[in-house]
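One-letter residues, chain by chain:
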Amino acid sequence: MAAPLQLPATSAGAGGKLYWQAWLPEAAPRAGVVLAHGYAEHLGRYEHVAAHFTARGIAVFALDHWGHGRSDGVPGFVPRFSAFTDGMEELLAVVEAAHPGLPLTLLGHSMGGLIAALHLVTHQSHYFGAVLSGPLIMPSEAPSRVMQWISRLLSRFAPRLGVLALDASGVSRDPAVVAAYLADPLVYTGKVRARLAAEMFDAMAQARAAAPEIVRPMLLLHGSEDRLTAPDGSRYLAAHLGSADKTLKIYPGLYHEIFNEPEQAEVLGDVSAWIDAHLAGEKP
């Protein structure tokens with residue numbers, strides 16, 4: 001098992017140890033995917049995603065974010081959202097040290113899509129492109145000004161108080177996926193805590209404002225029936241990214257975790273086809 005990453009002293013999660021994993025193809029990889037998982041889950045839920053890529057000669061690298069899975073931290077909480085992006089920076093450094101010159105794609109799902117978007121603003125030169133799946137750019141239901149005020153107040157005075165419960169039935173249309181999600185001991189099923197909720201709202205606003213700064217090729221994917229993150233968030237990025245090479249695909253009828261829907265083979269095929277086309281210097 002790889003030695004854990006450690007967040008630097010400058011991070012809000014200073015000293016926190018982060019579990020990470022690499023999935024490598026049998027031969028030397030021709031490219032790599034750096035993966036950011038979503039809120040409350042962990043990298044182990046992407047074994048099938050990694051298998052799809054490694055079978056095609058593409059390595060996959062992922063970590064459990066601070067407060068998630070096997071990493072240090074408090075589930076449902078974060079001192080500052082930057083602890084998540086700091087973790088991605090540490091993972092990127094390890095990947096580049098082990099595989100210098102390997103062409104990299106950034107892949108982020110849900111809150112991981114938000115983390116990936118913010119990571120891109122400062123590190124996009126390290127990637128030839130990015131794929132965001134159901135990114136948390138806009139909430140499924142916009143909070144009122146009163147709710148935002150209360151959230152910020154609680155973030156300051158009761159930062160670890162649980163304030164928001166997520167509906168696990170919105171994860172997938174496949175009941176087996178939902179059951180496995182709820183039974184997984186590494187999945188956090190408690191409430192989002194006040195500090196993380198406030199940090200999420202601020203991070204979403206930051207990502208929307210910074211969208212014009214992102215100039216790398218981007219593939220945006222979203223299920224039309226996603227109840228956990230708004231498809232309008234992906235539409236917003238498609239309209240405001242600085243990149244001239246951007247593709248938006250909304251899958252009719254799919255829920256939030258498009259990599260865990262019955263149509264997952266189609267979705268993963270779309271991602272690998274996009275990566276292959278860009279590795280070849282072509283647009284799909």
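Because the structure is predicted, anything quoted here is derived from the model rather than measured.

Peer 1: Can you tell me about the pattern of salt bridges, naming the residues and giving the values?
Peer 2: Applying the stated criterion across every chain, the model contains 10 salt bridges. The partner of R45 in a salt bridge is E41, and the shortest N-O contact between them spans 2.5 Å. This pair shows no difference in class: R45 is buried, exactly as E41 is. Through salt bridges with shared partners, one network takes in E41, R45 and E257.

Peer 1: Provide a residue-level description of the packing of helix α3 (residues 111-123) against helix α6 (residues 194-210), including the pertinent values.
Peer 2: Contact pair α3 / α6: the axes reach a minimum separation of 10 Å and the direction vectors enclose 50°. By the angle between their axes, α3 is oblique relative to α6. In terms of crossing hand, the pair formed by α3 and α6 is left-handed. Of α6, the residues touching α3 (which contributes M111, L114, A117, L118 and V121) are M200, A203, M204, Q206, A207 and A210. Broken down by class, the residue content of the contact of α3 with α6 amounts to 10 nonpolar, one polar and no charged.

Peer 1: Outline a nonpolar patch on the surface, listing residues and values.
Peer 2: Taken together, the side chains of W149, I150, L153 and F157 present a nonpolar region at the surface, about 440 Å² in accessible area. Structurally, I150 can be placed in helix α4 (residues 145-157). For I150, a relative accessible area of 33% gives the class partly exposed.

Peer 1: Could you give an account of the sheet that holds strand β4 (residues 31-36), with specific residues and numbers?
Peer 2: Taken together, seven strands build an open sheet; the order of strands is β3-β5-β4-β6-β7-β10-β11 and the sheet is mixed. In this open sheet, the two strands that pair with only one neighbour each are β3 (20-23) and β11 (246-251). Sheet twist, expressed as the mean angle between neighbouring strand axes with direction ignored, is 15°. Two strands pair when backbone bridges link them, and β4 and strand β6 (residues 104-109) are joined in this way by five bridges, in the parallel orientation. Within the sheet, the bridge partner assigned to V34 lies in β6 and is L106. Sitting on the sheet, helix α2 (residues 82-98) touches β3, β4, β5 (58-63) and β6, and the angle it makes with β5 is about 145°.

Peer 1: Can you break down the pairing of strand β7 (residues 129-133) residue by residue, with the values?
Peer 2: With respect to burial, β7 is a largely interior element, five of its five residues being buried. Side chains of β7 alternate between two faces, with G129, V131 and S133 and A130 and L132 buried alike. Taken together, the five bridges between β6 and β7 define a ladder with parallel strand orientation. Along β7, the bridge assignment pairs L107 with V131. Note that the unit made of β6, α3 and β7 has a crossover that is right-handed. Where β7 lies against strand β10 (residues 218-223), four bridges are found, and the strand directions are parallel. Within β10, the residue paired with A130 across the bridge is M218.

Peer 1: Give me α2: which residues, what numbers.
Peer 2: With 17 residues, α2 should reach 24 Å at 1.5 Å per residue; the first-to-last C-alpha distance of 25 Å fits that figure. Buried residues of α2: A83, F84, T85, D86, G87, M88, L91, L92 and V95, and no others.

Peer 1: Requested: an account of the nonpolar core, with residues and values cited.
Peer 2: Ranked by size, the top nonpolar core spans 56 residues in total, and within it F81 and L114 carry the most contacts. If one sorts the elements of this core by residue count, α3 sits on top with seven residues. The residues touching F81, leaving out its near neighbours within four places in the chain, are M111, L114, I115, L118, E199, M200 and A203. Membership of the second largest hydrophobic core comes to 27 residues, among which are V60, A62, L219 and W274.

Peer 1: Lay out the environment of A50 with the relevant residues and their values.
Peer 2: Summarising the element assignment, A50 is placed in helix α1 (residues 47-54). The spatial distance from the C-alpha of A50 to the C-alpha of L24 is 8.6 Å, given a sequence separation of 26 residues. Setting aside residues no more than four positions away along its own chain, A50 makes contact with W23 and V60.

Criteria and thresholds
- Along every chain, residues carry numbers that run from 1 in the direction the sequence is written.
- Per-residue local features are limited, in this predicted model, to residues with pLDDT of at least 70; the limit for side-chain atom pairs, both in listing and counting, is 80 or more; totals at the level of whole chains, interfaces and linings are taken over all residues.
- By convention in this description, side-chain values take in all heavy atoms of the structure and omit both hydrogens and water.
- Salt bridges, as used here, are contacts in which a Lys or Arg side-chain nitrogen is within 4 Å of a carboxyl oxygen on Asp or Glu.
- Throughout this description, buried means an accessible area under 20% of the type-specific maximum (1.4 Å probe, protein chains only), exposed means over 50%, and partly exposed covers the range between.
- All axes are obtained by fitting lines to C-alpha atoms, using only the stretch in contact for helices, and the reported angles, taken between N-to-C directions, cover 0 to 180 degrees.
- Going along the chain from the N terminus, every DSSP run of H or I of four or more residues is numbered as a helix, and every run of E of two or more is numbered as a strand.
- Here the angle decides the label: under 35 degrees means roughly parallel, over 145 means roughly antiparallel, 65 to 115 means roughly perpendicular, and every other value means oblique.
- Helix crossings get a hand from a simple test, with the near helix turned counterclockwise from the far one by less than a right angle marking a left-handed crossing and a clockwise turn marking a right-handed one.
- Two residues qualify as a contact provided that any one of their heavy atoms is within 4.5 Å of a heavy atom in the partner residue.
- Residue classes follow a fixed rule: Ala, Val, Leu, Ile, Met, Phe, Trp, Tyr, Cys and Pro count as nonpolar, while Asp, Glu, Lys and Arg count as charged, and any other residue, Gly among them, counts as polar.
- Only residues whose relative accessible area exceeds 30% and that form no salt bridge are eligible for patches; like-charged ones are grouped when within 9 Å, while nonpolar side chains (Val, Leu, Ile, Met, Phe, Trp, Tyr) are grouped when within 5 Å.
- For every accessible area listed, the method is Shrake-Rupley and the probe measures 1.4 Å; residues are considered covered only by the protein chains on display.
- Two strands form a pair only when DSSP identifies at least two bridges running between them.
- Handedness of a crossover: with both strands directed away from the viewer, a clockwise path from the first strand across the helix to the second marks it as right-handed.
- One less than the residue count of a helix, multiplied by 1.5 Å, gives the span that helix is expected to have.
- Residues enter a nonpolar core if they are buried and are Ala, Val, Leu, Ile, Met, Phe, Trp, Tyr or Cys, with the set joined through side-chain atoms within 4.5 Å.

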